[in-house]
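Observations on the model geometry
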Amino acid sequence: MASSEVKYRGGGAHETHPQSDPIMYSPKPEKPWLNVARPIHYVLREQRLLFVLIGAAIATLFFVLLPSTSAPHSLPYKTHIPNWPSEVDLLGRVNHRSAFEEVRFVGSSGAGKVPLGLKRKGLRIVVTGGAGFVGSHLVDRLMARGDNVIVVDNFFTGRKENVAHHFGKPNFELIRHDVVEPLLLEVDQIYHLACPASPVHYKFNPVKTIISFSFLTNVVGTLNMLGLAKRVGARFLLTSTSEVYGDPLQHPQAETYWGNVNPIGVRSCYDEGKRTAETLTMDYHRGAKVEVRIARIFNTYGPRMCIDDGRVVSNFVAQVEGLMRLMDGEHVGPFNLGNPGEFTMLELAKVVQETIDPNARIEFKDNTPDDPHKRKPDITKAKDLLNWEPTVPLRKGLPLMVNDFRKRIFGDHIATTTTTTAAATTTN
Ligand SMILES: O=C(O)[C@H]1O[C@H](OP(=O)(O)OP(=O)(O)OC[C@H]2O[C@@H](n3ccc(=O)[nH]c3=O)[C@H](O)[C@@H]2O)[C@H](O)[C@@H](O)[C@@H]1O
């Protein structure tokens, strides 16, 4: 019924319209010049042209001034980000930061130096052990580069404070997780650093389970992360260690050296754990065609190091640059990443006295069993293929680390006396 009514009314309207009657209505053909003259006349009347010009001027002024006024308002753009399609993929399949930058670019013509779409797309990267010493510095670099970073850490030695400055950023996530349990994440790259790295934590702990825990983390943890890399097609980087060389018989150690590890020693859980991790990594590379990278890190020091770490210092954390070059380059490795500068423990203690505290007391103690007598990386391969070498000398880097330690232990107060413990056996 309703539809017929509508039809009927329409018909009526049509019938009463004067233009519908071909007899009653016969428009005169317009003269062509009138077509142009009429609109011009219309515009010139009642100062309409003036209003049009004023409008155009206001619009021009608005677009010219927009860049300077929009910059401080970049935050409101950011608040719109959750509505972007990127939010659909919680793991950052689409880069939040890239989207943010594109919005800013569109809104502010002043940013027009970089054409839309040419900005680097951030990668989705998981860093296991990312709340630790080396890991957290790596996370800082990846975040600064604009990647979407997921930190996976069980906080065995790592600290939330090391990454707390990234909390709330849309391209950062922190997951408390033990890598000995499987994990599924959609990522492009996996930096696998999770590991009880210091002998203080893996060697002398009287609880037996902790010792096997080190092996378990290195073996099962690496296996899980390699499995993840295989499933999602991610590139995998293992941070192995100079400990794979054991107490080396070759000096300095090139990557071709197979090492001298005591398989039943007190520290073999770590050395053999990392050696097995390397084996697994290469097996996945050859057998499952996973893209892998292996770095052998030599002892590193710097701010955020675990206060009771107990390792001898030799390399500043600038090493993360080497890790990133390795990951983004085309070479599998292994690569030694360390400082080839050699010094004895006594020389090190003296540098501490010179640069930090002249009153620091030097104590001599017996070396611990199976500790390597001397070690020095041959970094020719890293120099040639990654164009990387350490940049921060000990005398410059050590005070930076000590300042960080002082701040964490004493707040702003400066410690009056430092005790430097040097092992009796020297490194050369
Ligand atoms: O120099 C090296 O050879 C070592 O350097 C780094 O270790 P580092 O940063 O110095 O040590 P930590 O500060 O203790 O960092 C290890 C991180 O792994 C985490 N972790 C440890 C054990 C574990 O089972 N799971 C786990 O997530 C810790 O909580 C911590 O955040 C790398 O993380 C190690 O893989 C590497 O072997």
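Owing to the predicted nature of the structure, the values given are computational and were not obtained by experimental measurement.

1. Here's the deal with the side chain of His166
Looking at where His166 falls in the secondary structure, it is placed in the loop between strand 2 (148-153) and strand 3 (172-176). If we ignore the near neighbours within four places in the chain, the residues touching His166 are Val139, Asp140, Met143 and Phe172.

2. Overview of a nonpolar patch on the surface
A contiguous nonpolar surface patch, about 750 Å² in accessible area, is contributed by Val36, Ile40, Tyr42, Val43, Leu44, Leu49, Val52 and Leu53. Those elements that provide at least two residues to the nonpolar patch are helix 2 (32-44) and helix 3 (48-70). Structurally, Tyr42 is set in helix 2.

3. Details of the pattern of salt bridges
Scanning the entire structure with this criterion turns up 13 salt bridges. Between Arg375 and Glu243 there is a salt bridge, and its shortest N-O distance comes to 3.1 Å. Within this pair, whereas Arg375 is found in the loop between strand 10 (361-365) and helix 12 (380-386), its partner Glu243 is found in the loop between strand 5 (235-241) and helix 9 (268-288), the two being separated by 132 residues in sequence. In this structure, Arg375 and Glu243 share a single accessibility class: buried. Of the charged contacts in the structure, one is a salt bridge between Glu278 and Arg296, with a shortest N-O distance of 2.7 Å. Linking Glu278 in helix 9 with Arg296 in strand 6 (residues 292-297), this pair joins segments that are 18 residues apart in sequence. By relative accessible area, Arg296 is classed as buried at 7%. Salt bridges sharing common partners tie together Arg141, Glu321 and Arg325.

4. Notes on the nonpolar core
Counting 28 residues, the largest nonpolar core has Val127, Leu138, Val139, Leu142, Tyr191 and Leu323 as its most contacted members. Of all elements in the fold, only strand 1 (124-128), helix 6 (133-145), strand 2, strand 6, helix 10 (320-328), strand 9 (335-337) and helix 12 reach the threshold of two or more residues within this core. Considering each element in turn, this core owes the most residues, six residues, to helix 6. Non-local contacts of Tyr191, meaning those with residues more than four positions away in its chain, are made with Ile125, Val126, Val127, Thr128, Leu138, Leu142, Leu237, Leu323, Met324 and Met327. Ranked by size, the runner-up nonpolar core spans 25 residues in total, among them Val126, Leu185, Met225 and Leu228.

5. What about the packing of aromatic side chains?
A complete count under the given rule lists three aromatic pairs for this structure. Here Tyr245 and Tyr257 contribute two aromatic rings whose centre-to-centre distance is 6.0 Å and whose plane-to-plane angle is 20°, an arrangement assigned as stacked. With Tyr245 in the loop between strand 5 and helix 9 and Tyr257 in the loop between strand 5 and helix 9, this pair connects stretches of sequence that are 12 residues apart. The rings of Tyr245, Tyr257 and Phe298 are connected pair by pair, giving a single aromatic cluster. Lying across the ring of Phe155, Lys160 places its NZ or CZ 6.0 Å from the centre.

6. Regarding the side chain of Thr222
Tracing the sequence through the fold places Thr222 in helix 8 (residues 208-232). The buried category is assigned to Thr222, whose relative accessible area is 0%. The contact partners of Thr222, leaving out residues within four places of it in the chain, are His192, Thr217, Phe236, Leu238, Ala277 and Thr281.

7. Details of unusual backbone geometry
A cis amide bond, omega -10°, links His251 with the succeeding residue Pro252. Relative to the helices and strands, Pro252 is located in the loop between strand 5 and helix 9. A cis amide bond, omega 5°, links Gly333 with the succeeding residue Pro334. Within the element layout of this structure, Pro334 appears in the loop between helix 10 and strand 9.

8. Observations concerning helix 9
Taking 1.5 Å per residue, 21 residues should reach 30 Å; helix 9 reaches 28 Å between its end C-alpha atoms and fits that length. Of all the positions in helix 9, only Ser268, Cys269, Tyr270, Asp271, Gly273, Lys274, Ala277, Glu278, Leu280, Thr281 and Met282 are classed as buried. Following helix 9 by one or two positions, Lys289 adopts a phi angle in the positive range, close to 60°.

9. Structural notes on the confidence of the model for the chain
In this model, the chain carries a mean pLDDT of 72, and residues with pLDDT of at least 70 account for 62%. In this model, residues 309-315 is a region of pLDDT below 50 whose contacts with residues beyond four sequence positions or in other chains number 27 contacts. Per the prediction output, this complex has pTM 0.66; the corresponding ipTM is 0.93.

10. Points about the environment of Arg48
Residue position: Arg48 is located in helix 3. Taking relative accessible area as the criterion, Arg48 reaches 25% and is therefore assigned partly exposed. Among all residues touching Arg48, those that are not within four sequence positions of it are Tyr42 and Val43.

11. Points about the pairing of strand 2
With six of six residues buried, strand 2 lies mostly within the body of the structure. Both faces of strand 2 are covered, namely the face carrying Asn148, Ile150 and Val152 and the face carrying Val149, Val151 and Asp153. Summarising the sheet, strand 1 and strand 2 pair through five bridges and their orientation is parallel. Its bridge partner lying in strand 2, Val126 is registered against Ile150. One crossover worth recording links strand 1 to the parallel strand 2 by way of helix 6, and it is right-handed. Here strand 2 pairs with strand 3 via five bridges, running parallel. Following the sheet pairing, Val152 is matched in strand 3 by Ile175.

The rules we used
Residues numbered from 1 in each chain as written. Predicted model: local features only at pLDDT ≥ 70, side-chain atom pairs only at ≥ 80, totals over all residues. Heavy atoms only, no water. Helix = DSSP H or I, 4+ residues; strand = E, 2+ residues; numbered from the N terminus. Contact = heavy atoms within 4.5 Å. Patch = residues over 30% accessible without salt bridge, like charges linked within 9 Å, V, L, I, M, F, W, Y side chains within 5 Å. Areas by Shrake-Rupley, 256 points an atom, 1.4 Å probe, with all protein chains shown as cover. Salt bridge = Lys/Arg side-chain N within 4 Å of Asp/Glu carboxyl O. Buried < 20%, exposed > 50% of the residue type's maximum accessible area, 1.4 Å probe, protein only. Core = buried A, V, L, I, M, F, W, Y, C linked by side-chain atoms within 4.5 Å. Phe/Tyr/Trp six-rings, centres within 6.5 Å; stacked < 30°, edge-to-face > 60°. Lys NZ or Arg CZ within 6 Å of the ring centre and 35° of its normal. Expected span 1.5 Å × (residues − 1). pLDDT = per-residue confidence, 0-100. Pairing = 2+ DSSP bridges. Right-handed = clockwise from strand over helix to strand, strands pointing away.

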